[in-house]
Amino acid sequence: MTNVAVTLEIVATEFGSPDVLKAVPTKSRSPGRGEVTIQVRAVGVNHTDYKRYADPSYTVSSGQSTPTFPLRLGVEAAGVVTAVGAEAMGPAGPIVTGDEVIAYRITGAYADTITVSASDVVPKPTKLSWEQASAIMLDGTTAAHALAAVRARPGQTVLVHGATGGAGLSVVQLAVLDGIKIIGTASTKNFEMLRGYGAQPIKYGDGLKERVVEAAPDGIDAASTTSVRMRRSTSRLPS
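In this report, the structure presented in the accompanying data block is examined. (Residues numbered from 1 in each chain as written. Predicted model: local features only at pLDDT ≥ 70, side-chain atom pairs only at ≥ 80, totals over all residues. Heavy atoms only, no water.)

**Topic: the pairing of strand β5 (residues 77-84)**
Put simply, the rule reads: Any two strands with at least two DSSP-identified bridges between them are counted as paired. A run of DSSP states H or I qualifies as a helix once it reaches four residues; a run of E qualifies as a strand once it reaches two. Both are numbered from the N-terminal end.
Bridge count for strand β3 (residues 35-43) against β5 is 7 bridges, and the pairing is antiparallel. Bridge pairing links I38 to V81 in β5. Pairing of β5 with strand β8 (residues 100-103), which is carried by 4 bridges, proceeds in the antiparallel orientation. Each residue of the ladder has a partner; that of A78, found in β8, is I102.

So, in structure tokens, the structure goes:
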């Protein structure tokens, strides 16, 4: 008999709490043309993964189709390439067996082996751990796109709401590296962390406008929501 390769995959079996997550055996498949197979070392766990199976209204509000179960989860992972199909070309070039990589944006990252399009695979930075590499893409690309969308430039001031969340903190770090001043809303317990990343923290809640004016008397150039959808300021604060 021919041995069939099997991988374990975490799926949601119904709507509910994390208790509905189950490990199920799934038949592995060989990579086809333009695909690679990756042995997963770490998986990025994001709040959107949870919302997909915990909140039936989430898919409707976000414009997605209603999920069917069992529901495959996870959009990013890091691991080692174990097999490649013909013409396995990623954004950074050809992919070969043994490459350490990040896969994003994919479906079904919650598994110990995945086969995905090579176009969704990039090299893993050598300085990052597996855990760091697996969790950098969703928040990191959201932050990079957000800053690009508002054309934030060195010397400008950007207000970031929810600055200590995953995407918010990525905005903070990328902006500071580019010489952009960041004012970040957060709870007081997270002030020192934000200062450590070079941002100026302010407390969210009542009186926020006054605190923003105090922190940026010459006004702000852009602001972000807690979901890091950035928008250009229609006027500078104070007006």
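**A few points about the nonpolar core**
Considering soluble globular proteins, one finds that nonpolar side chains tend to be buried as a cluster. Note the cut-off: Working definition of a nonpolar core: buried Ala, Val, Leu, Ile, Met, Phe, Trp, Tyr and Cys residues. They are joined through side-chain atoms within 4.5 Å. Relative accessibility under 20% of the residue-type maximum defines a buried residue, over 50% an exposed one, and the middle range a partly exposed one, all with a 1.4 Å probe and only protein chains included. Residues are treated as being in contact if the distance between any of their heavy atoms lies within 4.5 Å.
Counting 18 residues, the largest nonpolar core has A152, V158, V160, V172, I180, I182 and L194 as its most contacted members. Going through the elements one at a time, α4 (137-149), β11 (157-160), α5 (166-177), β12 (181-186) and α6 (191-196) are the ones with two or more residues in this core. Here this core takes 4 residues from α5, the largest share from any one element. Contact partners of V172, with chain neighbours within four places excluded, come to A163, I182, L194, Y197 and A199. Listed in part, the 16 residues of the second largest apolar core include V101, I106, I114 and V116.

**Considering the packing of aromatic side chains**
We count it as follows: Two aromatic rings from Phe, Tyr or Trp, using only the six-membered ring of Trp, form a pair when their centres are within 6.5 Å; if the ring planes differ by under 30 degrees the pair is stacked, by over 60 it is edge-to-face, and anything between is tilted. Any Lys NZ or Arg CZ that is within 6 Å of a ring centre and within 35 degrees of that ring's normal is treated as a charge sitting over the ring.
Taken as a whole and judged by the stated rule, the model has 2 aromatic pairs. Measuring from ring centre to ring centre gives 5.0 Å for F15 and F69, while their planes differ by 80°; the resulting arrangement is edge-to-face. Highlighted residues: F15 in the loop between β1 (6-12) and β2 (21-27) and F69 in the loop between α2 (56-61) and β4 (71-72), separated in sequence by 54 residues. Directly above the ring of W130 sits K124, whose terminal nitrogen or CZ lies 5.0 Å from the centroid.

**A closer look at α4**
One full turn of an α-helix is made of 3.6 residues, so residues set three or four places apart face in the same direction. What counts is decided by this rule: An expected span of 1.5 Å times one less than the residue number is assigned to each helix.
Over its 13 residues, α4 extends 17 Å from the first C-alpha to the last, a length consistent with the 18 Å expected when each residue adds 1.5 Å. Burial in α4 covers these residues: M137, L138, D139, G140, T141, A143, A146 and L147. Note on α4: the residue one or two positions beyond its end, R151, has a positive phi of about 55°.

**Here's the deal with the sheet that holds β5**
Applicable threshold: Every axis corresponds to a line fitted to the C-alpha atoms, with the helix fit spanning only the stretch in contact, and the corresponding angles, defined between N-to-C directions, vary from 0 to 180 degrees.
With antiparallel pairing, 5 strands are arranged side by side in an open sheet as β9-β3-β5-β8-β10. Of all the strands in the sheet, just β9 (113-117) and β10 (121-123) have a single pairing partner and so form its edges. Averaged over all pairs of adjacent strands, the angle between their axes in this sheet comes to 45°, without regard to strand direction.

**Side note on the environment of G108**
Examined against the element boundaries, G108 turns out to sit in the loop between β8 and β9. The sequence separation of G108 and L71 amounts to 37 residues, and the corresponding C-alpha distance is 8.6 Å. G108 has contacts with E9, R72, L73, G74 and I114, leaving out every residue within four places of it along the chain.

**Observations concerning the pattern of salt bridges**
How we decide: By salt bridge we mean one thing: a side-chain nitrogen of Lys or Arg within 4 Å of a carboxyl oxygen of Asp or Glu.
In the structure shown here, the tally under the stated rule is 4 salt bridges. For E87, the salt bridge is made with R33, and the minimal N-O distance between the two is 2.8 Å. Placement of the pair is E87 in the loop between β5 and β6 (89-90) and R33 in the loop between β2 and β3, with a sequence separation of 54 residues. Both residues of the pair, E87 and R33, count as exposed. Residue R195 pairs with E192 through a salt bridge whose shortest N-O separation is 2.6 Å. One end of the pair is R195 and the other is E192, both in helix α6 and 3 residues apart, which spans about a single turn.

**Considerations on helix α1 (residues 47-54)**
Test applied: The directions considered for the arc run from the helix axis to the C-beta atoms.
Every buried residue of α1 is listed here: T48, D49 and Y53. Seen along its axis, α1 keeps its buried residues to an arc of 130°; they face one direction. In the core, the buried residues of α1 are packed alongside β1, β2, α2, β4 and α4.

**Topic: the packing of α4 against α5**
Pairs of packed helices are described in terms of their axes, by the angle between the two and the distance that separates them. Quick note on the threshold: Geometric relationships in this document are graded by angle, where less than 35 degrees denotes roughly parallel, more than 145 denotes roughly antiparallel, 65 to 115 denotes roughly perpendicular, and other angles denote oblique. Note on convention: the crossing is left-handed when the near helix lies turned anticlockwise from the far helix by less than a right angle, right-handed when the turn is clockwise. In the scheme used here, Gly and all other residues not listed as nonpolar or charged are polar, with Ala, Val, Leu, Ile, Met, Phe, Trp, Tyr, Cys and Pro taken as nonpolar and Asp, Glu, Lys and Arg as charged.
At a minimum axis separation of 8 Å, α4 and α5 run at an interaxial angle of 55°. In this view, α4 runs oblique relative to α5, as classed from their interaxial angle. Relative to α5, the crossing made by α4 is right-handed. Between α4 and α5, the residues in contact are D139, G140, T142, A143, A144 and L147 and G166, A167, S170, V171, L174 and A175, respectively. Among the residues forming the contact of α4 with α5, the class breakdown is 7 nonpolar, 4 polar and 1 charged.

**What about the sheet that holds β1?**
Strand pairing in a sheet is mediated by backbone hydrogen bonds. Such pairs are either parallel or antiparallel. Strand order in this open sheet of 3 strands is β2-β1-β4, and the pairing throughout is antiparallel. Both outer strands of the open sheet, β2 and β4, are each paired with one neighbouring strand and no more. Across 2 bridges, β1 lies against β4 in antiparallel orientation. Directly across from V11, in β4, lies its bridge partner R72.

These figures come from the coordinates and say nothing about function on their own.
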